[in-house]
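Coordinate analysis (summary)
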Amino acid sequence: MDVDASIAAGGAGPLAGMLVAVKDNFCVAGHDTGCASRILEGFRAQYDATVVRRILDAGAILVGRTNMDEFAMGSSNENSAYGPVLHPLDATRVPGGSSGGSAVAVAAGIVHAALGSDTGGSVRQPASFTGIVGFKPTYGRLSRYGLVAFASSLDTVGFFAAGMEDAARMYAVMAGHDPLDATSAPRAVEDPLPPLSRGVAGLRIGIPEEYVPGSLDPEIRAALDRAAEAFRAGGASVRRVSLPHAKYTIPVYTIIAMAEASSNLSRYDGVRYGHRAAGGVMAATRSEGFGPEVKRRVMLGTYALSAGYYDAYYRKAQRVRRLISEDFTRAFEDVDVLLTLTAPGTAFSLGEKIDDPLQMYLSDTFTASANLAGIPGVSVPAGTDARGLPIGVQLLARHFDEGGLFAAGAFLEAARR
Ligand code: GLN
């Protein structure tokens, strides 16, 4: 009613009436922020995250917070103190993670859009598993003020929508400098709406050969080939490129993400936020409050940062991160957009990987490199497998070329209709 009145009066914001869900790691003033962790039990946010404030000011209606992997650590949404999120098409499968709740809220048609966070693929991978659009902007493009930190050199705000146009509308409202976030880029934002109808004529697209291993399931691979064919038909050129350090993505991501997480999570000491064990002892609070995956990462991360091991692990990982990043810089001299699969498979079964952390971490093989390099990426629906489960392809672009992703993504979306 209020929205109708504001539209009639001509004063409606660009997101007027849009229903939006928010991942449980964003602050919304007066509401609980729990990161799906026991340790934040009872914590209530005092202020709005900047992106939350901006979508509210634009007329969006927040309908609730969504389940996630604890502190955004996971690829299946099974690491949650609230219990797992189920896939909307098959309740025996996972929706991906860590922003699984947000992905499902959009995929199931409960909301028009949802906020997530993407540190290694947590928006793109669940978008791929659930058949929707998942967008991760350039590092520094969207303010992280009010987003609970996981791994600060990798964390970005991301978002889900059923299609590219809604995604562009969300982005247009949220992007732009925020003085409250020191990592926020003071740089003008390109309007994402015109690129939606730009097409791909003359666009140079590269497929990194390291992202198409021989072991890839042929069904999944066929989706990549179809996307490449659609781009060619639209007037783009498609060629093979090489990102020679791609094989180090997961080891480097894992060390850096765990090291930074161990430092960021040291603030949960039972004194300042949420849960406190009886007697208030810090070790007991953390033992009770954190789940197994968070504990594993805090321990491994602390180890990687400790005197004597710092050079061998963290510093070495930072050096290789530079090489991975330079691979992208070089590739983007010859092409404008990179095309890959978003994930090496479709939605897997509940419990299938939970006892095998390495297999779980490999879900992010194609996504985590964008976080290491800080470049923008989007997962776009690209068909289904024989079981009817969605497959997503990922598009990556140069720093701050979100426009290129909106153009290529919208083209692909239209080509499938
Ligand atoms: N799945 C990855 C991890 O477990 C990425 C998580 C994320 O992007 N938040 O770390």
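The text that follows walks through the structure, step by step, so that each part is easy to find. These numbers come from a predicted model, not from an experiment. (Residues numbered from 1 in each chain as written. Predicted model: local features only at pLDDT ≥ 70, side-chain atom pairs only at ≥ 80, totals over all residues. Heavy atoms only, no water.)

A few words on the site of the ligand. What surrounds the ligand is a group of 14 residues, the closest being Thr119, Gly120, Ser122, Tyr253 and Arg297. Within the backbone of Gly120, a nitrogen or oxygen atom sits 2.6 Å from an oxygen atom of the ligand. At a separation of 2.7 Å, an oxygen atom of the ligand approaches a polar side-chain atom of Ser122. In isolation the ligand offers 290 Å² of accessible surface; the protein chains occlude 99% of this area. (Near = heavy atom within 4 Å. Polar contact = N/O pair within 3.5 Å; in protein donor to acceptor, adjacent residues only side chain to side chain. Areas by Shrake-Rupley, 256 points an atom, 1.4 Å probe, with all protein chains shown as cover.)

Examined bridge by bridge, strand 6 (residues 204–208) and strand 7 (residues 237–241) share five bridges and lie parallel to one another. Residue Pro208 lies in a different strand from strand 7, and its bridge partner there is Val241. (Pairing = 2+ DSSP bridges. Helix = DSSP H or I, 4+ residues; strand = E, 2+ residues; numbered from the N terminus.)

Below, the discussion takes up the environment of Tyr248. Residue placement: Tyr248 occurs in the loop between strand 7 and helix 7 (249–264). Once the C-alpha coordinates of Tyr248 and Val320 are considered, the two residues, 72 residues apart in sequence, prove to be 7.5 Å apart. Non-local contacts of Tyr248, meaning those with residues more than four positions away in its chain, are made with Val320 and Ile324. (Contact = heavy atoms within 4.5 Å.)

Let us now look at the packing of aromatic side chains. Per the counting criterion, the structure on display carries 19 aromatic pairs. Measuring from ring centre to ring centre gives 5.7 Å for Phe129 and Phe348, while their planes differ by 90°; the resulting arrangement is edge-to-face. On the criterion of sequence distance, the pair formed by Phe129 in helix 4 (residues 124–130) and Phe348 in the loop between strand 8 (337–341) and helix 11 (357–361) is long-range, its members being 219 residues apart. Here Phe129 and Phe348 have matching classes, each one buried. Residues Tyr310 and Tyr314 carry aromatic rings whose centres are separated by 5.5 Å and whose planes lie at 50° to one another, so their mutual orientation is tilted. Under the relative-accessibility criterion, Tyr310 is labelled partly exposed at 30%. A relative accessible area of 12% places Tyr314 in the buried class. A network of ring pairs unites the aromatic residues Phe43, Phe71, Tyr268, Tyr273 and Phe290 as a single cluster. Its guanidinium or amino end placed over the ring of Phe348, Lys353 lies 4.4 Å from that ring's centre, counting from NZ or CZ. (Phe/Tyr/Trp six-rings, centres within 6.5 Å; stacked < 30°, edge-to-face > 60°. Buried < 20%, exposed > 50% of the residue type's maximum accessible area, 1.4 Å probe, protein only. Lys NZ or Arg CZ within 6 Å of the ring centre and 35° of its normal.)

For the rest of this paragraph, the subject is the pairing of strand 10 (residues 390–397). Among the eight residues that make up strand 10, eight are buried, leaving the element largely enclosed by the rest of the structure. Residues Pro390, Gly392, Gln394 and Leu396 point to one face of strand 10 and Ile391, Val393, Leu395 and Ala397 to the other, with burial holding for every one of them. Two elements, strand 9 (residues 377–384) and strand 10, share six bridges in a ladder whose sense is antiparallel. From the neighbouring strand, Ser379 faces strand 10, where its bridge partner is Gln394. Taking the residues between adjacent antiparallel strands as the criterion, strand 9 and strand 10 are bridged by five residues, where Gly388 takes a positive phi near 90°.

Before going further, it helps to examine the side chain of Asp385. Tracing the backbone shows Asp385 in the loop between strand 9 and strand 10. Summary of buried charges: Asp385 has no salt-bridge partner, and the nearest side chain of opposite charge, Arg387, is 4.7 Å away. When near neighbours in sequence (up to four residues on either side) are disregarded, Asp385 contacts Glu219, Thr346 and Ile391. (Lys, Arg positive; Asp, Glu negative; His and termini not counted. Salt bridge = Lys/Arg side-chain N within 4 Å of Asp/Glu carboxyl O.)

Here helix 13 (residues 402–415) is 14 residues long and its end C-alpha atoms lie 20 Å apart, about the 20 Å a rise of 1.5 Å per residue gives. Of all 14 residues in helix 13, 12 are buried, a share of seventy percent or more. Among the residues of helix 13, Glu402, Gly403, Gly404, Leu405, Phe406, Ala407, Ala408, Gly409, Ala410, Phe411, Leu412 and Glu413 are the ones counted as buried. Here the buried face of helix 13 lies against strand 4 (133–136), helix 5 (164–174), helix 6 (218–233), strand 8, strand 9 and strand 10. (Expected span 1.5 Å × (residues − 1).)

As a further point, take the sheet that holds strand 4. Pairing in this open sheet of 10 strands is mixed, and the strands run 2-1-3-5-4-9-10-8-6-7 from one edge to the other. Strands with a single pairing partner mark the edges of an open sheet, and in this sheet they are strand 2 (61–66) and strand 7. Each adjacent strand pair in this sheet contributes to an overall mean axis angle of 30°, direction not counted. Pairing analysis gives three bridges linking strand 4 to strand 9, with the strands arranged antiparallel. Opposite Phe135, over in strand 9, you have Val378 as the bridge partner. Sitting on the sheet, helix 6 touches strand 6, strand 7, strand 8, strand 9 and strand 10, and the angle it makes with strand 8 is about 155°. (Axes fitted to C-alpha atoms, helices over the stretch in contact; angles between N-to-C directions.)

Applying the stated criterion across every chain yields a total of one cavity of 30 Å³ or more. Quantified by volume, the largest cavity comes out at close to 110 Å³. Gly74, Phe150, Tyr253, Arg297 and Asp364 are the residues nearest the centre of the largest cavity, which is lined by 15 residues in total. The greatest single-element share of the lining of the largest cavity, amounting to four residues, is contributed by helix 7. (1 Å grid on protein atoms, 1.4 Å probe; cavity = no way out; pocket = protein on both sides within 12 Å on 5 of 7 lines; lining within 4 Å. Points joined across faces, edges and corners; volume = space filled by probe spheres on them.)

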